[in-house]
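# Survey of secondary and tertiary structure
Below are the chains, spelled out letter by letter.
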Amino acid sequence: FISLQLFGTIVWILVASTGVPLPLLQGWVMFVAVTAWFLSIVFLSVFLFGYANRIAVNWNQADFIFHGATFVFYFGAFLLQAATTSLHHFPRKFNSTTQERILSGREYNISIAASV
C-alpha cells in the first residue's frame, strides 16, 4: 500500500505540474491518481486501526479486487497520458495567426515521466 501511495502521489504531482493542454484526457488521469491514492489510504487505515478484525469481509478477495480495479484504471490513465504526450509535436491554433505546440519541451518531459 505504501508503494501505491508513493507512486500515486508522484503521478499526481507530475500531471498537476504540466499545463494540462487537454483537460478531458488529463482530468481522467488526475481523477484516477487522486482516487486510488485516497482509497489506498482508507484501505491502509482499516488495517492499521484494527477495523479489519471487526468487519466480516474476505480481505484477500477485497485486496485482489481493489488492486485489479486500480490496475485497470491506471492502465487506462497511462494510455490517455501517453496519447497526450504523443501529440506534443502538433500545433494548437488559438486563432488564424497564433499557433503554439500542445506541450512545451519542459511539459513534454514531465508528461513522459507521468506516463512511465
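Conventions and cut-offs
Residues numbered from 1 in each chain as written. Predicted model: local features only at pLDDT ≥ 70, side-chain atom pairs only at ≥ 80, totals over all residues. Heavy atoms only, no water. Helix = DSSP H or I, 4+ residues; strand = E, 2+ residues; numbered from the N terminus. Buried < 20%, exposed > 50% of the residue type's maximum accessible area, 1.4 Å probe, protein only. Contact = heavy atoms within 4.5 Å. Phe/Tyr/Trp six-rings, centres within 6.5 Å; stacked < 30°, edge-to-face > 60°. Polar contact = N/O pair within 3.5 Å; in protein donor to acceptor, adjacent residues only side chain to side chain. UniProt positions renumbered as here; feature names shortened; annotations may be inferred.

## So, the overall build of the protein chain
- Scanning the protein chain from terminus to terminus reveals four helices and two strands.
- Its helices and strands taken in sequence order, the protein chain reads α-α-α-β-β-α from the N to the C terminus.
- Put simply, the protein chain has 116 residues, and 28% of those count as buried.
- Look at the contacts in the protein chain between residues 6 or more apart in sequence, and 61% of them connect residues 24 or more apart.

## As for the packing of aromatic side chains
- Per the stated rule, a full pass over the model turns up eight aromatic pairs.
- Between Phe71 and Phe75 the ring centres are 6.1 Å apart and the planes differ by 25°, which places this aromatic pair in the stacked class. Of this pair, Phe71 and Phe75 both sit in helix α3 (residues 59–86), separated by four residues, roughly a single helical turn.
- Take Phe71: its relative accessible area is 57%, and that puts it in the exposed class.
- Taken together, the ring pairs in this structure connect Phe43, Phe47, Trp59 and Phe66 into an aromatic cluster.

## Comments concerning the side chain of Thr70
- Note on placement: Thr70 falls in helix α3.
- Polar side-chain contacts of Thr70 include one of 2.7 Å to the backbone oxygen of Phe66.
- Excluding residues within four positions of it along the chain, Thr70 makes contact with Leu4 and Ala36.

## Observations concerning the UniProt feature "transmembrane region" (unreviewed entry) in the protein chain
- Within the UniProt annotation, "transmembrane region" (unreviewed entry) is assigned to residues 29–52 and 64–83.
- Across residues 29–52, helical content stands at 83% and strand content at 0%; the span's end C-alpha atoms are separated by 30 Å.
- Structurally, residues 64–83 is divided into 100% helix and 0% strand, and its ends, taken at the C-alpha atoms, are 29 Å apart.

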